Structure formats: C-alpha cells, structure tokens
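# Descriptive structure summary
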Amino acid sequence: MKRSFAYPYGVWMAVFIIAPILLVVLYAFQSADGGFTLSNFSCLPIFGRSFWLA
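These notes cover the structure that comes with them. (Residues numbered from 1 in each chain as written. Predicted model: local features only at pLDDT ≥ 70, side-chain atom pairs only at ≥ 80, totals over all residues. Heavy atoms only, no water.)

## Considering the overall build of the protein
Convention followed: We count a stretch as a helix when DSSP gives it H or I for four or more residues in a row; a strand needs E for two or more, and each element gets its number in order from the N terminus. Computation of the radius of gyration draws on C-alpha atoms, with the globule rule given as 2.2 Å multiplied by the number of residues to the power 0.38. The method behind every accessible area is Shrake-Rupley, applied with a 1.4 Å probe, and residues are considered shielded solely by the protein chains displayed.
Along the protein, the regular secondary structure elements total 2 helices and 0 strands. Relative to the 2.2 N^0.38 estimate, which gives 10 Å for 54 residues, the radius of gyration of the protein is 17 Å and therefore markedly larger than a compact globule would have. With an accessible surface of roughly 5,100 Å², the protein has 75% of that area assigned to carbon and sulfur atoms.

## A word on helix α1 (residues 6–28)
Note the following rule: Helix span, as expected, comes to 1.5 Å for every residue beyond the first. Two axes enter the bend calculation: one fitted to the seven residues ending at the residue in question, the other to the seven starting there, and the bend is the angle between them.
Along its 23 residues, α1 runs 32 Å from first to last C-alpha, staying within 8% of the 33 Å computed at 1.5 Å per residue. Ala-14 marks where α1 bends most, by close to 35°.

## With respect to the packing of aromatic side chains
We count it as follows: Geometry of aromatic contacts follows a simple scheme: Phe, Tyr and Trp rings, the Trp one being its six-membered ring, pair when their centres are within 6.5 Å, and the pair is stacked under 30 degrees between planes, edge-to-face over 60, tilted otherwise. Relative accessibility under 20% of the residue-type maximum defines a buried residue, over 50% an exposed one, and the middle range a partly exposed one, all with a 1.4 Å probe and only protein chains included.
Taken as a whole and judged by the stated rule, the model has 3 aromatic pairs. Each ring, one from Trp-12 and one from Phe-16, has its centre 5.7 Å from the other, and the planes form 45°; the classification is tilted. Separated by 4 residues within a single helix, Trp-12 and Phe-16 lie in helix α1, roughly one turn from each other. For Trp-12, a relative accessible area of 44% translates into the label partly exposed. Both rings, one in Phe-29 and one in Phe-36, keep their centres 5.9 Å apart while their planes meet at 15°; by these two values the pair is stacked. The class of Phe-36 is exposed, set by a relative accessible area of 67%. By the ring-pair criterion, three or more aromatic residues cluster together here, those being Tyr-9, Trp-12 and Phe-16.

## A closer look at the environment of Ser-39
What counts, and what does not: Definition of a polar contact: a pair of N or O atoms within 3.5 Å, with one able to donate and the other able to accept a hydrogen when the atoms are protein atoms, and with sequence-neighbouring residues admitted only if both atoms are side-chain atoms.
Within the secondary structure, Ser-39 sits in the loop between α1 and α2 (44–53). By relative accessible area, which is 47% here, Ser-39 ends up partly exposed. For Ser-39 and Ala-14, which are 25 residues apart along the polypeptide, the C-alpha to C-alpha distance reads 29 Å. Reaching out from Ser-39, the side chain makes a polar contact with the side chain of Thr-37 at a distance of 2.9 Å.

This is the structure we're talking about:
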C-alpha cells in the first residue's frame, strides 16, 4: 500500500527533473543543423570553470 504513494512522485520527477536535464545534455551536443558535435566544448577554459563552479 505504501509503495503506491511513490508513483506520483516518480512521474513528477521524471517529467520535471530528468526530462529537462536530458534535453540540456541533448542540446549541448547538437550543432546548429542538428548533428552531433563536440565543438560546443572547444573553449575548454570557460567550460572547465563553469563545470568547477557548478
């Protein structure tokens, strides 16, 4: 009975936490034409500083 109370939170977490994080990761590795690229991370000092601060 008590496990059924966790399902609404699991759905909420999937929709409002996991899905946005996955979208940010997807867009981070996409180029302007929609292909895969690593050039978005080519400016390593800025990326490293941002990663360190996060």
